[in-house]
Amino acid sequence: MTSQLIGVEHRKTATSKTAPHYDVIVVGVGSMGSAACWFLAKRGYKVLGLEKFTTPHEQGSHTGQSRLVRKSYFEHPDYVPLLARAYQNWRLLEAEMTSTFYQPTGILYAGKPDHETMSGLKQSAAMYQIPLKKIPPSEAGSQYPLFRFPSDFEVILEADAGFVSPENTIIAYSQDAIKKGATILTNSAIDTWKVEAGRVEVKTDSTTYTSDKLIITAGAWTSQLIPALPTSLTVTRQVVAWLDVEDQTAFALGDFPCWLVEDPELGTFYGFPVLPSSEYPGPTGLKLAHHFPGEKTNPDFADRSIQEKDAEALRHFVKNYIPAAGHTFRAFKSCLYTNSVDRNFIIDQLPGYDNRVTVACGFSGHGFKFVPVVGEILADLAMKGRTDLPIHFLRLNRF
Ligand SMILES: Cc1cc2nc3c(=O)[nH]c(=O)nc-3n(C[C@H](O)[C@H](O)[C@H](O)COP(=O)(O)OP(=O)(O)OC[C@H]3O[C@@H](n4cnc5c(N)ncnc54)[C@H](O)[C@@H]3O)c2cc1C
């Protein structure tokens, strides 16, 4: 069974202006922060998670019901060993929660054979022996009758790939972290932090908290909290949509795969099967999105309304590639990418703070599948000062 947990408030009212001292404070209990709290609590540390909104919420990078999980990583083959650990840690979460998070629907990739996405995924698969199944063009139509691919496209299925629900994951990690002893306070925005006299001090508008170590997982708000980050981050507004398909069973989970298609003119589109609303709260319908660098925005003032232009490229895509899905949109949501300069993640200790401050940010629209391994890495870096997991290419010294 998939997790059916729903969001809850974990706020406890601080009784004094100065709270107890913690081993570690996690600022931002969203995707990465909730997993960090879980790993830290599991290891027995006294951990405090402070979240500006609720866990989860719709203002940051984790709204929208589903996130692709895949291993033949076209972005950079160095991610593959981290993905192997992420897959293990998804299973660990499932075992501890006796619940299903990862749904291995398979992902169908389609695009011109020499497109960098197609060549990148084949390269990663070859380097790390990841099974991929090439679907001959003559068979693509009969095997996947709901898709229409141009005759010069290559079609590839990655079977051990699929999706997870970001909301269900964050709820599970944060609720179980609390069960394991963590304190997680929602509606607690950090205004300032500093390292002084051998300890960390963070302040909300009403309370000062202290700890030995600090982890900042503030997503789109990272630049506000770390103005001296030695590189820049760009926040973009991204739109996801749900189509009101007539034949829901044909597109249902179990019968229809996740997919990622490279249109030669408009770029990358991706989507998911129709999910049962009992297990995946939110809009029902065929979800799809355009993975393009959306318009730059400020997380505090991002335009959450949906304009006709947001639907244009999606309409064009559906008409050409999945015509059976129709053209009636049922719902839209906007969400934020936090892009690093090279689109690779940033996971490191911040220089100049006596190894007390660890940051994870810049997940550039492809970070969620790594949540369980990033949580582990953050717990390692913050409390041991090092990790055995291969994050050399994600360190700050590359800038
Ligand atoms: C539309 C869309 C589609 C995506 N699709 C995929 C996909 O298919 N596969 C995939 O792997 N990834 C995908 N991603 C990327 C993935 O969702 C993100 O990389 C990931 O959610 C980033 O996690 P985060 O912890 O950095 O940010 P968040 O989850 O937003 O967490 C940051 C948290 O910090 C809190 N915070 C900020 N400032 C403060 C403060 N001052 N005090 C206290 N708390 C604070 C915020 O409220 C927030 O809860 C997608 C992203 C989007 C937007």
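Residues numbered from 1 in each chain as written. Predicted model: local features only at pLDDT ≥ 70, side-chain atom pairs only at ≥ 80, totals over all residues. Heavy atoms only, no water.

As annotated in an unreviewed UniProt entry, the protein chain is N-methyl-L-tryptophan oxidase from Larkinella rosea. Quoted straight from UniProt, the Cofactor (unreviewed entry) entry for the protein chain says "FAD". (UniProt positions renumbered as here; feature names shortened; annotations may be inferred.)

Another point: the packing of aromatic side chains. Under the definition given, this model contains 26 aromatic pairs. Seen from their ring centres, F163 and Y280 are 5.6 Å apart, and the 55 degrees between their planes marks the pair as tilted. Highlighted residues: F163 in strand 7 (residues 162–164) and Y280 in the loop between strand 14 (267–271) and strand 15 (286–290), separated in sequence by 117 residues. With relative accessibility at 1%, the residue Y280 sits in the buried group. One Lys or Arg, K46, reaches over the ring of Y22 and ends 5.3 Å from the middle of that ring. Directly above the ring of Y87 sits K71, whose terminal nitrogen or CZ lies 4.4 Å from the centroid. (Phe/Tyr/Trp six-rings, centres within 6.5 Å; stacked < 30°, edge-to-face > 60°. Helix = DSSP H or I, 4+ residues; strand = E, 2+ residues; numbered from the N terminus. Buried < 20%, exposed > 50% of the residue type's maximum accessible area, 1.4 Å probe, protein only. Lys NZ or Arg CZ within 6 Å of the ring centre and 35° of its normal.)

With that out of the way, let us pick up unusual backbone geometry. Going from T55 to P56, the amide bond is cis rather than trans, its omega being 0 degrees. Relative to the assigned elements, P56 resides in the loop between strand 2 (47–50) and strand 3 (67–69). One non-glycine residue, N187, lies in positive phi territory at about 50 degrees. Here N187 shows up in the loop between strand 8 (183–185) and strand 9 (192–196).

Next up on the list: the confidence of the model for the protein chain. Confidence in the prediction of the protein chain, expressed as mean pLDDT, is 94, and 95% of residues score 70 or more. Across the protein chain, helix 8 (residues 371–384) holds the top mean pLDDT of 99, while helix 4 (residues 137–143) sits lowest at 92. When the criterion is pLDDT under 50, residues 1–16 qualifies, and its contacts beyond four places in sequence or with other chains add up to 48 contacts. (pLDDT = per-residue confidence, 0-100. Contact = heavy atoms within 4.5 Å.)

This next bit is on the pairing of strand 19 (residues 357–361). Within strand 19, five of the five residues are buried, leaving the element largely enclosed by the surrounding structure. By the alternation rule, side chains of strand 19 split into V357, V359 and C361 and T358 and A360, which are all buried. Of the strand pairs in this sheet, strand 11 (residues 208–216) and strand 19 are connected by three bridges, and their pairing is parallel. Counted as the bridge partner of I215 is T358 from strand 19. (Pairing = 2+ DSSP bridges.)

So, on to the UniProt feature "domain: FAD dependent oxidoreductase" (unreviewed entry) in the protein chain. When the UniProt feature table is mapped to this numbering, "domain: FAD dependent oxidoreductase" (unreviewed entry) covers residues 23–381. Within the segment residues 23–381, helix and strand shares are 26% and 27% respectively, and the terminal C-alpha atoms sit 13 Å apart.

Okay, the nonpolar core next. Residues L82, I347 and F370 are the most contacted members of the largest nonpolar core, which totals 74 residues. When residues of this core are assigned to domains, at least three fall in each of domain 1 (18–62 + 167–233 + 342–398) and domain 2 (105–162 + 236–334). Beyond its immediate chain neighbours, meaning those up to four positions away, I347 contacts V359, A360, F363, V374, I377, L378, L381, I391, L394 and R395. (Core = buried A, V, L, I, M, F, W, Y, C linked by side-chain atoms within 4.5 Å. Domains from an automatic or database assignment.)

Contacts to the ligand come from 34 residues, most closely from S31, E51, H62, L68 and K369. A distance of 3.0 Å separates a nitrogen atom of the ligand from a polar atom in the backbone of K52. G365 has a polar backbone atom sitting 3.4 Å from a nitrogen atom of the ligand. Alone, the ligand offers 1000 Å² of accessible surface; in the complex the protein occludes 97% of this. Broken down by element, the residue count for the shell around the ligand peaks at three residues, all from strand 17 (residues 329–339). For the shell around the ligand, a count of residues per class yields 17 nonpolar, 13 polar and four charged. (Near = heavy atom within 4 Å. Polar contact = N/O pair within 3.5 Å; in protein donor to acceptor, adjacent residues only side chain to side chain. Areas by Shrake-Rupley, 256 points an atom, 1.4 Å probe, with all protein chains shown as cover. Nonpolar A, V, L, I, M, F, W, Y, C, P; charged D, E, K, R; others polar.)

Quick look at the packing of helix 1 (residues 31–42) against helix 8 now. The geometry of helix 1 relative to helix 8 is characterised by a closest axis approach of 7 Å and an angle of 60 degrees between their N-to-C directions. One finds that helix 1 runs oblique with respect to helix 8. Helix 1 and helix 8 meet at a crossing whose hand is right-handed. Where helix 1 approaches helix 8, its residues S31, M32, A35, A36, F39 and L40 are matched on the opposing element by V371, P372, V374, G375, E376, L378, A379 and M383. Of the residues contributing to the contact of helix 1 with helix 8, the split by class is eleven nonpolar, two polar and one charged. (Axes fitted to C-alpha atoms, helices over the stretch in contact; angles between N-to-C directions. Parallel < 35°, antiparallel > 145°, perpendicular 65-115°, else oblique. Left-handed = near helix turned anticlockwise from the far one by under 90°.)

By domain assignment, the protein chain separates into domain 1 (18–62 + 167–233 + 342–398) and domain 2 (105–162 + 236–334). For domain 1 and domain 2, the distance between their C-alpha centres works out to 31 Å. Taken together, the contacts link ten residues of domain 1 with eleven residues of domain 2. The contact between domain 1 and domain 2 buries some 680 Å² in all, and 33% of this surface belongs to carbon and sulfur atoms. Here E58 makes a salt bridge to K333, at a shortest N to O gap of 2.8 Å. For the pair domain 1 and domain 2, the interface holds five residue pairs in polar contact (both at pLDDT 80 or more). (Buried area = accessible area lost by both parts, 1.4 Å probe. Salt bridge = Lys/Arg side-chain N within 4 Å of Asp/Glu carboxyl O.)

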